[in-house]
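So the chains spell out like this:
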Amino acid sequence: MDKKIDLRSDTVTLPNEEMREAIRAAALGDDILGEDPTVKELEQLAASLLGMEDALLTISGTMANQIAVMAMTQRGQEVILGRDSHLYNLEVAGLAALSQVQARPVPVHQGVYDIESIEAAIQPHGVQTARTGLICLENTYNLNEGAVFTLEHMREIRELADRYQVPIYLDGARLFNAATALGVHPSLICREVDAVQICLTKGLGCPLGSLLLGSREFIAEARNIRQRLGGGMRQAGIIAAPGLIGLTKMIDRIGEDHRNATRLHAGLSGIAGIRMAFEKAATNIVSFEVVKAGWDADRLIAKLQRRGIWVKKIGARKMRMVTHCQISFEDVEHTLSSMQQIL
Ligand SMILES: *Cc1c(COP(=O)(O)O)cnc(C)c1O
């Protein structure tokens, strides 16, 4: 069997040669003492790229999300977020366990938040109600969907949040996919929120790390919380060095992932026995169901795997494919022809 085509997630990428070389060559120091020059360079670059005052390197997106909520809320408050968001579903109830806040989920339809639901979810402070401490957005939205919402929609939410004086946090794990799909500079998205996190490990293809960004005061507080969680790091330049390559060289090529996802979507749409979950691939994620009699996700996944193609199961009949920097146009063509043959 030739090359493994791993479409399960954009997190499966291995660091490229340039990143490996950068890790070897990185200038290092003790970052808890503020002495790692490569970490400082990455944090400064990210802050200036995204138009935020300051940035903090964390080990994961989950840690960045949890630190943000801890810094932005008080115990006993409520947090408004999307029903299918990562923060609500995939962080081991961190909101309850770490911040001691209550989640108030609202519906989101293909990435578009229901404004009326958000407004209805904002609590007036009363004797029996909790104060709304934070609104958490996610763009792109939902890791099986990759939906994008527009700057106009963000401004609409911002205007609402300002009216009620509630801060906004953006889980921008795939912020660069959103910016690419919208054709806008990522800083324009960040301008509408108080704090944001981006993952180095998704579209940017780095081996680990996330960046949390916000005001200088917020990042100082976040740095303290990171330390409390045991997330302070010593020679973290080995993480920051590939991160610098991610931010300088990997953003401009994300459009290629979207074109590959669009091609995958179009090809899968034409295969009998496959039903697409959405009308088009909004970014780099394609979800679909196998509807052919006698087939389910397990059977199709096993057949594909024998041909070196890895797909993620997200339901009994439902699967997803995610394109990334290590999936080529030829890989997409090969995947489509294998699907044709199998079904
Ligand atoms: C991947 C992801 C995260 C968490 O990142 P980890 O580095 O895996 O902890 C958070 N939010 C969204 C939307 C994600 O896709």
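Residues numbered from 1 in each chain as written. Predicted model: local features only at pLDDT ≥ 70, side-chain atom pairs only at ≥ 80, totals over all residues. Heavy atoms only, no water.

**Considering the domain arrangement of the chain**
- Under the domain assignment used here, the chain contains domain 1 (17-250) and domain 2 (253-342).
- Spacing between the C-alpha centres of domain 1 and domain 2 amounts to 29 Å.
- Listed as interface residues are 18 residues of domain 1 and, on the opposing side, 13 residues of domain 2.
- Buried surface at the junction of domain 1 and domain 2, both sides included, amounts to about 1300 Å², of which 58% is carbon and sulfur.
- Looking at the side of domain 1 facing domain 2, the largest losses of area belong to Asn 144, Asn 177 and Met 250, adding up to 37% of the total buried there.
- In this structure, the connection of domain 1 to domain 2 is made through 0 salt bridges.
- Here domain 1 is connected to domain 2 by 5 residue pairs in polar contact (both at pLDDT 80 or more).
- Sorting the residues of the side of domain 1 that touches domain 2 by element identifies helix H8 (175-182) and helix H11 (237-250) as the ones contributing at least two each.
- At 4 residues, H8 tops the list of elements feeding residues into the side of domain 1 that touches domain 2.
- Its residues assigned to classes, the side of domain 1 that touches domain 2 comprises 7 nonpolar, 8 polar and 3 charged. (Domains from an automatic or database assignment. Contact = heavy atoms within 4.5 Å. Buried area = accessible area lost by both parts, 1.4 Å probe. Salt bridge = Lys/Arg side-chain N within 4 Å of Asp/Glu carboxyl O. Polar contact = N/O pair within 3.5 Å; in protein donor to acceptor, adjacent residues only side chain to side chain. Helix = DSSP H or I, 4+ residues; strand = E, 2+ residues; numbered from the N terminus. Nonpolar A, V, L, I, M, F, W, Y, C, P; charged D, E, K, R; others polar.)

**Concerning the pattern of salt bridges**
- According to the stated counting rule, one finds 20 salt bridges in the structure shown.
- Residues Glu 333 and Arg 263 are paired through a salt bridge, measuring 2.6 Å at the closest nitrogen-oxygen approach. Here Glu 333 is found in helix H14 (residues 329-342), whereas its partner Arg 263 is found in helix H12 (residues 254-269), with 70 residues between them in sequence.
- For Glu 333, a relative accessible area of 27% puts it in the partly exposed group.
- Here the residues in one salt-bridge network are Lys 4, Asp 6 and Arg 8, joined through shared partners. (Buried < 20%, exposed > 50% of the residue type's maximum accessible area, 1.4 Å probe, protein only.)

**Quick notes on the sheet that holds strand E7 (residues 132-138)**
- With mixed pairing, 7 strands are arranged side by side in an open sheet as E2-E10-E9-E8-E7-E3-E4. This sheet does not close on itself; its edge strands, each paired only once, are strand E2 (54-58) and strand E4 (102-106). The sheet shows a mean angle of 20° between the axes of neighbouring strands, taken without regard to direction.
- Of the pairings in the sheet, the one linking strand E3 (residues 78-82) to E7 comprises 4 bridges and is parallel in character. Residue Leu 81 lies in a different strand from E7, and its bridge partner there is Cys 136. (Pairing = 2+ DSSP bridges. Axes fitted to C-alpha atoms, helices over the stretch in contact; angles between N-to-C directions.)

**Topic: the packing of aromatic side chains**
- Following the criterion strictly, the structure yields 2 aromatic pairs and no others.
- Taken together, a centroid distance of 5.7 Å and an interplanar angle of 70° make the contact between Tyr 113 and Tyr 141 edge-to-face. Here Tyr 113, found in strand E6 (residues 112-113), pairs with Tyr 141, found in the loop between E7 and helix H7 (151-163); they are 28 residues apart in sequence, far enough to count as distant.
- Judged by centre distance (5.4 Å) and plane angle (80°), the rings of Tyr 113 and Phe 149 are edge-to-face. (Phe/Tyr/Trp six-rings, centres within 6.5 Å; stacked < 30°, edge-to-face > 60°.)

**Brief notes about the site of the ligand**
- If you check the shell around the ligand, you find Ser 60, Gly 61, Thr 62, Asn 65, His 86, Glu 138, Asp 171, Ala 173, Arg 174, Gln 197, Cys 199 and Lys 202 and nothing else.
- Between the ligand and Thr 62 there is a distance of 2.6 Å, counted from an oxygen atom to a side-chain nitrogen or oxygen.
- Within the contact set of the ligand, an oxygen atom lies 2.9 Å away from a side-chain nitrogen or oxygen of Lys 202.
- For the ligand, the accessible surface in isolation is 380 Å², of which the surrounding protein chains cover 84%.
- Mapped by element, the contributors of at least two residues to the shell around the ligand are helix H3 (61-72) and strand E9 (195-199).
- The greatest single-element share of the shell around the ligand, amounting to 3 residues, is contributed by H3.
- Its residues placed into classes, the shell around the ligand shows 2 nonpolar, 6 polar and 4 charged. (Near = heavy atom within 4 Å. Areas by Shrake-Rupley, 256 points an atom, 1.4 Å probe, with all protein chains shown as cover.)

**Regarding H12**
- Between its first and last C-alpha atoms H12 spans 23 Å; for 16 residues at 1.5 Å apiece the expected length is 22 Å, and the two agree.
- Looking only at H12, the buried set comprises Ile 254, Gly 255, Asp 257, His 258, Asn 260, Ala 261, Leu 264, His 265, Gly 267 and Leu 268.
- Residues of H12 that are buried sit in contact with H8, H11, strand E11 (274-276), strand E12 (285-290), strand E15 (318-322) and H14. (Expected span 1.5 Å × (residues − 1).)

**As for unusual backbone geometry**
- Cis geometry is found at the peptide bond from Asn 139 to Thr 140, where omega equals 5°.
- Within the element layout of this structure, Thr 140 appears in the loop between E7 and H7.
- Here the phi dihedral of Gln 110 falls at roughly 45°; this positive angle occurs in a residue that is not glycine.
- Positionally, Gln 110 belongs in the loop between strand E5 (108-109) and E6.
- Using a relative accessible area of 51% as the deciding quantity, one classes Gln 110 as exposed.

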